[in-house]
Amino acid sequence: MNQKTEQQSQQNSPPQMPPIGGYPAAYGYYPQEDEINLIDLWKVLAKKKMTILGTTVLITIGAVIFALIQPPVYKAESILLPPTKSDIQSLDVQGVQGVQGVSVDSVYNNVKKNLSSISVQRNFFNQHNILNQLTSSKTKEVSSEQVFRDFIQMINISTDKKSKERGTITLEHSDPNVAANWINDFSNFVNTTTINQLTDNLRSAVDNNTRNIEYTINSKRKMAAQRREDYINLLQEALTTSTVIGIEVPLEISNISQSTQSNILTNNSATPLYYRGSKALTAEINTLKNRASDDPFISELRDLQERLAHLKSIKVDNTQLNALTVDQAAYPPESRIKPKRKLIVVLGFVLGLMLGIFGAFFSNFFENQRREEEEAVTV
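What you see is a predicted model; the values in this text were computed from it and never measured. (Residues numbered from 1 in each chain as written. Predicted model: local features only at pLDDT ≥ 70, side-chain atom pairs only at ≥ 80, totals over all residues. Heavy atoms only, no water.)

A. Summary view of the overall build of the protein chain. Of regular secondary structure, the protein chain possesses twelve helices and four strands. Here the protein chain holds 379 residues, and 29% of them are scored as buried. Here the analysis covers contacts within the protein chain between residues at least 6 apart in sequence; of these, 81% occur between residues at least 24 apart. Summed over its atoms, the accessible surface of the protein chain is roughly 26,300 Å², and 54% of this surface lies on carbon and sulfur atoms. (Helix = DSSP H or I, 4+ residues; strand = E, 2+ residues; numbered from the N terminus. Buried < 20%, exposed > 50% of the residue type's maximum accessible area, 1.4 Å probe, protein only. Contact = heavy atoms within 4.5 Å. Areas by Shrake-Rupley, 256 points an atom, 1.4 Å probe, with all protein chains shown as cover.)

So, in structure tokens, the structure goes:
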């Protein structure tokens, strides 16, 4: 039995290829039945054509429905540039400490900061009632903070890589008119906010300088009045002395004998005030007491008053200022950016075709397996 079995297995085994040139074959020989036959593949596809066609049609129809139910999204765009020198001329005030160096670049840098500022975006969100506009079709459970986060995700601010002065604001929305209006309103809001900040800084610097100068003037006036009172006291003391020793008219120092000088205590570095005589001292005391103002006798007072008058003359008109230049205002876009319905349908068709072909081969594989099992049971 064993010999017969071996003979039958040798007869059933495929013939071996003889070695070429006396050497064994470099690769094993495979029978023709194990190779992929394109004709068989085509037969399978032809056999399962309805499966392929049905799957492709169903998925393509699903892609069409998905593309149609997606809400359209439009993108509006606005282009910004730095302001001109004439736009910020009122901010360039000379002689005010703390506001020097106002330039086109510094003002536009403030604009860039405000464009990306969360606080500025939040103020715009609140003042323009964006919450009600975005939640009109949503449930009331949506928090205002989440709506605000969704809103700032809609705004995109970028700078041109070639020209850093050129800024772009884009906003995506289902309504093209709303998208354009929000961008234009937002750029105007940033412009107004920046101007208000700069003018507030200018007014604050002017007020601080004004207060400092006024404080200096008042201090000088108080000190001048105190010095005048002190000098009057000195004169009154000298008047008492001159009255006691009987000096009514000014004395010539050269006529005073050495003995007299030695008997009277005097200051060697200056002539004593009582040498001026009681009449002169009385007249000067009355003049100082009747002085209406010490201003003419205060040093640097007129310079301070001139600076104060300059500060009070500074007037800033916000309506004549611009922190940016709108090179291109946003307008309602005519075409949507998404969904790309043609692309969705094409991708759906390709996916359906691929799944249909995969399903055809999968179905054919199971049919062959079932057929082999039935043949094995029959034998």
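B. Expanded view of the packing of helix 5 (residues 118-127) against helix 7 (residues 144-154). Helix 7 packs onto helix 5 with a crossing angle of 110 degrees between their chain directions and a minimal axis gap of 11 Å. One way to sum up the angle between helix 5 and helix 7 is to call them roughly perpendicular. Both helix 5 and helix 7 take part in a crossing whose hand is right-handed. Along its contact with helix 5, which presents Ile118, Gln121, Arg122, Phe124 and Phe125, the element helix 7 presents Ser144, Glu145, Val147, Phe148, Arg149, Phe151 and Ile152. Split into classes, the residues belonging to the contact of helix 5 with helix 7 amount to seven nonpolar, two polar and three charged. (Axes fitted to C-alpha atoms, helices over the stretch in contact; angles between N-to-C directions. Parallel < 35°, antiparallel > 145°, perpendicular 65-115°, else oblique. Left-handed = near helix turned anticlockwise from the far one by under 90°. Nonpolar A, V, L, I, M, F, W, Y, C, P; charged D, E, K, R; others polar.)

C. Fine view of a nonpolar patch on the surface. Taken together, the side chains of Met50, Leu53, Val57, Ile61, Val64, Ile65, Phe66, Leu68 and Ile69 make up a nonpolar region of the molecular surface, amounting to roughly 870 Å² of accessible area. Position of Phe66 among the secondary structure elements: in helix 3 (residues 49-69). By relative accessible area, which is 42% here, Phe66 ends up partly exposed. (Patch = residues over 30% accessible without salt bridge, like charges linked within 9 Å, V, L, I, M, F, W, Y side chains within 5 Å. Salt bridge = Lys/Arg side-chain N within 4 Å of Asp/Glu carboxyl O.)

D. A look at the pattern of salt bridges. Scanning all chains against the criterion turns up nine salt bridges. We note a salt bridge from Asp200 to Arg203, for which the minimum N-O separation is 3.7 Å. Of this pair, Asp200 and Arg203 both sit in helix 8 (residues 176-245), three residues apart, which is roughly one turn of that helix. A salt bridge links Asp294 to Arg291; its shortest N-O distance comes to 3.2 Å. On the basis of relative accessible area, Arg291 is assigned to the partly exposed category, the value being 26%. Within this structure, Arg122, Glu145 and Arg149 form a network of salt bridges that share partners.

E. Looking closely at the packing of aromatic side chains. Taken as a whole, this structure holds eight aromatic pairs when the rule is applied. Aromatic pair Phe125 and Phe151: ring centres 5.7 Å apart, planes at 45 degrees, arrangement tilted. With a gap of 26 residues between them, Phe125 in helix 5 and Phe151 in helix 7 connect regions that are remote in the sequence. Side by side, Phe125 and Phe151 carry an identical accessibility label, which is buried. Both rings, one in Phe358 and one in Phe362, keep their centres 5.8 Å apart while their planes meet at 20 degrees; by these two values the pair is stacked. Of the two residues, Phe358 and Phe362 both sit in helix 12 (residues 341-378), four residues apart, roughly one turn of that helix. These aromatic residues form a ring-pair network of at least three members: Phe124, Phe125, Phe148, Phe151, Trp182, Phe186 and Phe189. Between Arg291 and the ring centre of Phe297, over which it is positioned, the NZ or CZ distance is 3.8 Å. (Phe/Tyr/Trp six-rings, centres within 6.5 Å; stacked < 30°, edge-to-face > 60°. Lys NZ or Arg CZ within 6 Å of the ring centre and 35° of its normal.)

F. Region of interest: the packing of helix 5 against helix 8. Across the interface, helix 5 lies against helix 8 with an axial gap of 11 Å and an inter-helix angle of 120 degrees. As judged from the angle between their axes, helix 5 and helix 8 are oblique. The element helix 5 and its partner helix 8 pack so that their crossing is right-handed. Together, Val120, Gln121, Asn123, Phe124 and Gln127 of helix 5 and Trp182, Asp185, Phe186, Phe189, Val190 and Thr193 of helix 8 make up the contact between the two elements. Along the lines of polarity and charge, the residues of the contact of helix 5 with helix 8 split into six nonpolar, four polar and one charged.

G. Molecular detail of unusual backbone geometry. In the Ramachandran plot, Asn129 falls in the positive-phi region, its phi being about 55 degrees despite a non-glycine side chain. Counting through the fold element by element, Asn129 comes out in the loop between helix 5 and helix 6 (130-134). Phi angles above zero are rare outside glycine, and Glu300 is one such case at about 65 degrees. Mapping Glu300 onto the fold places it in the loop between helix 10 (278-289) and helix 11 (301-312).

H. A look at the pairing of strand 3 (residues 167-173). A large share of strand 3 lies buried, amounting to six of its seven residues. Note that strand 1 (residues 74-81) and strand 3 share seven bridges and pair antiparallel. Bridge assignment links Tyr74 to a residue of strand 3, and that residue is His173. By the bridge criterion, five bridges tie strand 2 (residues 155-159) to strand 3 in an arrangement that is antiparallel. If you follow Asn156 over to strand 3, its bridge partner there is Thr170. (Pairing = 2+ DSSP bridges.)

I. Focus on the environment of Pro333. Position of Pro333 among the secondary structure elements: in the loop between strand 4 (325-328) and helix 12. On the accessibility criterion, Pro333 (13% relative accessible area) is buried. For Pro333 and Tyr74, which are 259 residues apart along the polypeptide, the C-alpha to C-alpha distance reads 6.5 Å. Setting aside anything within four residues of it in sequence, one finds Pro333 in contact with Tyr74, Lys75, Ala76 and Pro176.

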